[in-house]
Amino acid sequence: MRKINKICCIGAGYVGGPTMAVIAKNCPEIQVEVVDINQKRIDLWNHENLDLLPIYEPGLKEIVGETRGKNLFFSTEVDKAIEEAEMIFISVNTPTKTYGKGKGQAADLKYIELCARNIAKVAKTDKIVVEKSTLPVRTAGAIKSILDNTGNGVNFEILSNPEFLAEGTAVDDLMNADRILIGGDETESGQKAKDTLSWIYEHWLPKERILQTNVWSSELSKLVANAFLAQRVSSINAVSALCEKTDANVAEVSKAIGHDSRIGSKFLNSSVGFGGSCFQKDILNLVYIAKSYGLTEVADYWEQVIIMNDYQKRRFADNIISTLYNTVSGKKICFYGWAFKKDTNDTRESAAIYVADALLDEQAQIVIYDPKVSEETIYSDLDYLGTRSPEENRKLIKVVKDPMDANKDAHAIAIMTEWDEFRAYDWKAIFENMLKPAFVFDGRRILDKDKMDSIGFKYYKIGQS
Ligand SMILES: NC(=O)c1ccc[n+]([C@@H]2O[C@H](COP(=O)([O-])OP(=O)(O)OC[C@H]3O[C@@H](n4cnc5c(N)ncnc54)[C@H](O)[C@@H]3O)[C@@H](O)[C@H]2O)c1
Ligand SMILES: O=c1ccn([C@@H]2O[C@H](COP(=O)(O)OP(=O)(O)O[C@H]3O[C@H](CO)[C@@H](O)[C@H](O)[C@H]3O)[C@@H](O)[C@H]2O)c(=O)[nH]1
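Residues numbered from 1 in each chain as written. Chains lettered and ligands numbered in written order. Predicted model: local features only at pLDDT ≥ 70, side-chain atom pairs only at ≥ 80, totals over all residues.

What counts, and what does not: UniProt positions are given in the numbering used here, feature names are shortened, and annotations may be inferred rather than shown by experiment.
As recorded by an unreviewed UniProt entry, the chain carries the name UDP-glucose 6-dehydrogenase and is attributed to Flagellimonas zhangzhouensis. One UniProt comment on the chain, placed under Pathway (unreviewed entry), says "Nucleotide-sugar biosynthesis; UDP-alpha-D-glucuronate biosynthesis; UDP-alpha-D-glucuronate from UDP-alpha-D-glucose: step 1/1." Under the Function (unreviewed entry) heading, UniProt states for the chain: "Catalyzes the conversion of UDP-glucose into UDP-glucuronate, one of the precursors of teichuronic acid."

So, in structure tokens, the structure goes:
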């Protein structure tokens, strides 16, 4: 096993930034360079005011404050970083394809390929290239083929090292990872490369948690882990619809089944639907791969997880419309939360976007408050859907910085994200501020039904009649 002094990471996003910051903190002897083509993002990573880092994660600014300028650096000098590093992590985005073959399902690998070509062009010494991005099975082979055909005599070892952090808890997940997965060739040089990457993680994690597999098992395990987690959310959300029709309470059902140690209690919180940049994308990718091997039943099985999630979002919006006397036209609806979960400023695939879109189709006036999401992001999320013109979106949507401004004269409040501060609000004062009857649709099950009823709200909680 070889110890290394310099690593770099291509992609300074939600994964690249926190992951490299945690490596820098735990490995003071390793110089870590994080590079990105997005100048604005890099400028924010280098901003002297740590509250302006491009990514909000509890505990992140403290680690960046401690390591930046010592052994953690952010820059746009991609070529220089590649040239100098002994190990290169690729952590660029791999979104669902929006064009051509596999549109709407396959992963778009153009950013990965650009990185591979760039490494091939620039590298003059042997490198270990680590896939940190989530990739379809057998992508390592494609990267290897690009790298090995450069003809400049450099040896590349490709490893798959998928990341399992969840947003909102990224720092804690990285510091106390359940497992680290390292996939690589079962050759002597492959084994050496795996051990070198393992050595980095062993700085702060017990060796038993570091699993080594072949490359393809590692690539596939990442997709399967997300598919299993999302499947649990869709399963409990399917049950929530049934609970609303009966006198069952989804929280009691979750608790009852979660006590079975074979089932376990995690990921059984019913909600307005899962969001985030990973679950849907990775399941679609799994579905696409299964289809491409002719495994139709396997593809259909996993696709149902997404179909159920879409149903849950639509069901929530439909309930708001039907409860508000079958029309929301011109009615003010307050959204508490826009992020796809609490403690992150990320809004990718957030359920709030799709619920808002359905209500805007019915000409609702939506006023949004989220403690961490900017007005610019909210407008761009809706504009991206292309359902209506940007001008129309701005006419129907208002984004406010004070939560009490959002509920003033509102017909209804929809709780879209489980931010802790929403629980602590003075709900009596909110009731006074609203039009009557005052409706609350709790898409995250964070408020107490008895308390809300006693204040006078018409309160609807997902998964409870
Ligand atoms: N977000 C998560 O919680 C999470 C967790 C685990 C795994 N993943 C996976 O990790 C990967 C990255 O996700 P993310 O959320 O960090 O994405 P992101 O969009 O936040 O960041 C990706 C960054 O890569 C940069 N980039 C793209 N092409 C580049 C190039 N050729 N050279 C330099 N920089 C380039 C982009 O400018 C962007 O800043 C994805 O494959 C994702 O599926 C994400
Ligand atoms: O019981 C639950 C748990 C989650 N969610 C929702 O599911 C989505 C995803 O949540 P979570 O998994 O906590 O966040 P992500 O950051 O999307 O993390 C997932 O996706 C990452 C990217 O691949 C993986 O690395 C993580 O292991 C995996 O948990 C969010 O909208 C949550 O609100 C629920 O509705 N109910």
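### Describing the overall build of the chain
The test is simple: Elements are defined by DSSP. Helices are runs of H or I of four residues or more, strands are runs of E of two residues or more, and each kind is numbered from the N terminus. The atom set for the radius of gyration is the C-alpha atoms, and the globule formula is 2.2 Å times the number of residues raised to the power 0.38. Think of it as a crowd count around each C-beta: if 20 or more other C-beta atoms lie within 10 Å the residue is buried, if 12 or fewer it is exposed, and in between it is partly exposed, with C-beta placed from the backbone throughout.
Within the chain, the secondary structure is distributed over 19 helices and 14 strands. Its C-alpha atoms give the chain a radius of gyration of 24 Å, within 12% of the compact-globule value 23 Å for 465 residues. Dimensions of the chain along its principal axes, counting C-alpha atoms only, are 75 × 50 × 45 Å. Counting over 465 residues, the chain shows a buried share of 45%.

### Digging into the sheet that holds strand β13 (residues 439-442)
Condition: Strands qualify as paired when DSSP identifies two bridges or more between them. Here an axis means a line fitted to C-alpha atoms, over the contact stretch when the element is a helix, while the angle between two N-to-C directions is reported on a 0 to 180 degree scale. Here, residue contact means that the backbone-derived C-beta atoms of the two residues sit within 7 Å.
Across the sheet, 6 strands lie side by side as β11-β10-β9-β12-β13-β14; this open sheet has parallel pairing. Strands with a single pairing partner mark the edges of an open sheet, and in this sheet they are β11 (397-399) and β14 (458-461). Strand-to-strand twist of the sheet, defined as the mean angle between neighbouring strand axes without regard to direction, takes the value 20 degrees. Here strand β9 (residues 332-336) pairs with strand β12 (residues 412-415) via 4 bridges, running parallel. Note on β12: the bridge partner recorded for Y336 is I415. Packed on one face of the sheet, helix α12 (residues 296-323) meets β12, β13 and β14 and runs near 165 degrees to β13.

### Observations regarding the nonpolar core
In plain terms, the rule: To count as a nonpolar core, a set of buried Ala, Val, Leu, Ile, Met, Phe, Trp, Tyr and Cys residues must be joined through C-beta atoms within 7 Å.
Residues C8, I88, I90, I119, V129 and V130 are the most contacted members of the largest nonpolar core, which totals 62 residues. Beyond its immediate sequence surroundings of up to four residues, V130 is in contact with M87, I88, F89, I90, L159, N161 and L197. C334, W338, I353 and F441 belong to the second-largest nonpolar core, a separate cluster that totals 49 residues.

### Notes on the pairing of strand β6 (residues 156-160)
Counting buried positions over the 5 residues of β6 gives 5, a clear majority of the element. Sheet topology places strand β5 (residues 127-131) next to β6; 5 bridges connect them, and they run parallel. Each residue of the ladder has a partner; that of V130, found in β6, is L159.

### Looking at the site of ligand 2
The condition that has to hold: Nearness is defined per residue: the C-beta atom, placed using the backbone, must lie within 6 Å of the molecule or strand. Put simply, Ala, Val, Leu, Ile, Met, Phe, Trp, Tyr, Cys and Pro go in the nonpolar bin, Asp, Glu, Lys and Arg in the charged bin, and everything else, Gly too, in the polar bin. Each domain's limits were defined by an automated method or a database of domain assignments.
Neighbouring ligand 2 are 20 residues, the closest being N269, S271, F274, G276 and C278. Considering each element in turn, the shell around ligand 2 owes the most residues, 3 residues, to helix α9 (residues 215-245). For the shell around ligand 2, a count of residues per class yields 11 nonpolar, 6 polar and 3 charged. Counting contributing residues, the shell around ligand 2 receives three or more from each of domain 1 (6-213) and domain 2 (279-461).

### Description of the packing of helix α5 (residues 110-122) against helix α6 (residues 139-148)
Pairs of packed helices are described in terms of their axes, by the angle between the two and the distance that separates them. Heads up, the condition is: Roughly parallel covers angles under 35 degrees, roughly antiparallel covers those over 145, roughly perpendicular covers 65 to 115, and oblique covers all other angles. The hand of a helix crossing depends on one turn: near helix anticlockwise from the far one by less than a right angle means left-handed, and clockwise means right-handed.
Close contact between α5 and α6 brings their axes to 9 Å; oriented N to C, the two are set at 30 degrees. Between α5 and α6, the crossing angle belongs to the class labelled roughly parallel. At the point where α5 passes α6, the crossing takes the right-handed sense. Packed against α5, whose contacting residues are I112, E113, A116, R117, I119 and A120, the element α6 presents T139, I143, I146 and L147 at the interface. Here the contact of α5 with α6 is built from residues that sort into 7 nonpolar, 1 polar and 2 charged.

### Considerations on helix α8 (residues 188-201)
Note the threshold: Helices are assigned an expected span. That span is 1.5 Å times one less than the residue count. Starting at the helix axis, one direction is taken to each C-beta atom, and the arc is that of these directions.
An ideal rise of 1.5 Å per residue puts 20 Å on 14 residues; α8 measures up with 20 Å between its terminal C-alpha atoms. When α8 is considered as a whole, its buried residues turn out to be A193, K194, T196, L197, I200 and Y201. All buried residues of α8 lie within an arc of 155 degrees about the axis, which places them on one face of the element. Elements that come into contact with the buried residues of α8 comprise α1 (16-26), β5, β6, β7 (180-183) and β8 (210-213).

### A closer look at the site of ligand 1
Taken together, the neighbourhood of ligand 1 is formed by 26 residues, with G11, G13, Y14, S133 and T134 sitting nearest. Sorting elements by how many residues they give to the shell around ligand 1 places α5 first, with 3 residues. Split into classes, the residues belonging to the shell around ligand 1 amount to 12 nonpolar, 10 polar and 4 charged.

### Remarks on the pairing of β13
Neither face of β13 is open: one carries F439 and F441, the other V440 and D442, and all of them are buried. Where β12 and β13 come together, 4 bridges link them in parallel fashion. When the bridges of β13 are listed, I415 appears paired with D442. Relative to β14, β13 is paired through 4 bridges, and the arrangement is parallel.

### As for the packing of α9 against helix α10 (residues 250-258)
Axis separation between α9 and α10 bottoms out at 9 Å; the angle between their running directions is 135 degrees. One finds that α9 runs oblique with respect to α10. Note on packing geometry: the crossing formed by α9 with α10 is right-handed. Contact residues: α9 offers I236, V239, S240 and C243, while α10 offers V250, V253 and S254. Grouping the amino acids of the contact of α9 with α10 by side-chain chemistry returns 5 nonpolar, 2 polar and no charged.

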